[in-house]
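# Breakdown of the fold
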Amino acid sequence: MLTTPKPADAAAWFDFLVAQQAATYAGTVPEDFADRQRTYRDTWVPELEERFAQPGTSRALVAKVKGEIVGIASITDAPASWELEYGLVPAPATRQLDRLYVAPEFHGTGLADALFANVDDGRPTYLWLINDNERARRFYARRGFTDLAETFSAGPSWGGVDMHRMLRAMAR
């Protein structure tokens with residue numbers, strides 16, 4: 001069920017990501033959030049294809065059931081280019097959990113745990129969290145992440161919602 005994504009998975013990964021973000025943050029982000037995110041498809045899918053063609057540049061996993069993506073996770077080197085652009089440096093660690101999404105019908109099944117455990121390499125890692133996402137905050141806190149005392153307003157496609165970083169300095 002868990003596999004390393006291939007270049008052929010890039011478009012489905014992108015579509016799954018946008019759908020899950022829109023569902024997760026419904027009522028928090030603008031109503032046209034998914035449409036705004038889809039404008040990046042022509043840029044991001046080729047970037048994902050390239051990334052997935054070069055294993056080792058990041059740690060990524062995809063969970064599939066009957067050929068359909070039901071979960072994704074990835075850890076990348078940090079800081080991300082957008083963090084550099086906004087001056088959000090230095091990063092609190094050299095690794096960032098940049099994606100961990102599971103389809104709602106798989107919440108509570110252990111899939112998120114499995115994705116995280118298999119993508120995590122144990123090094124200090126941080127992530128960005130939308131401030132109102134309490135379910136995710138609890139999930140990450142159980143894995144040793146702590147909230148950093150900061151707030152950053154996300155970009156226009158996210159409607160400027162507030163977010164902050166969580167850091168796990170050492171794996172448990």
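Residues numbered from 1 in each chain as written. Predicted model: local features only at pLDDT ≥ 70, side-chain atom pairs only at ≥ 80, totals over all residues. Heavy atoms only, no water.

This brings us to unusual backbone geometry. The amide bond that connects Ala78 to the next residue, Pro79, takes the cis arrangement and shows omega of 0°. With respect to the helices and strands, the residue Pro79 is situated in the loop between β3 (68-77) and α4 (81-85). The amide bond that connects Val89 to the next residue, Pro90, takes the cis arrangement and shows omega of 0°. For Pro90, the location among the structural elements is in the loop between α4 and β4 (95-102). Within the chain, Lys66 stands out as a residue other than glycine whose phi angle is a positive 55°. Tracing the backbone through its elements, the reader meets Lys66 in the loop between β2 (58-65) and β3. In this structure Lys66 comes out as exposed when scored by relative accessible area, which is 83%. (Helix = DSSP H or I, 4+ residues; strand = E, 2+ residues; numbered from the N terminus. Buried < 20%, exposed > 50% of the residue type's maximum accessible area, 1.4 Å probe, protein only.)

Attention now moves to the pattern of salt bridges. Scanning all chains against the criterion turns up 13 salt bridges. The salt bridge involving Arg41 is made with Asp15; its shortest N-O contact spans 2.9 Å. Placement of Arg41 in helix α3 (residues 41-53) and of Asp15 in helix α1 (residues 10-24) is noted, with a sequence separation of 26 residues between them. Assessed through its relative accessible area of 28%, Arg41 is described here as partly exposed. For Asp35, the salt bridge goes to Arg38, with nearest N and O atoms at 3.1 Å. (Salt bridge = Lys/Arg side-chain N within 4 Å of Asp/Glu carboxyl O.)

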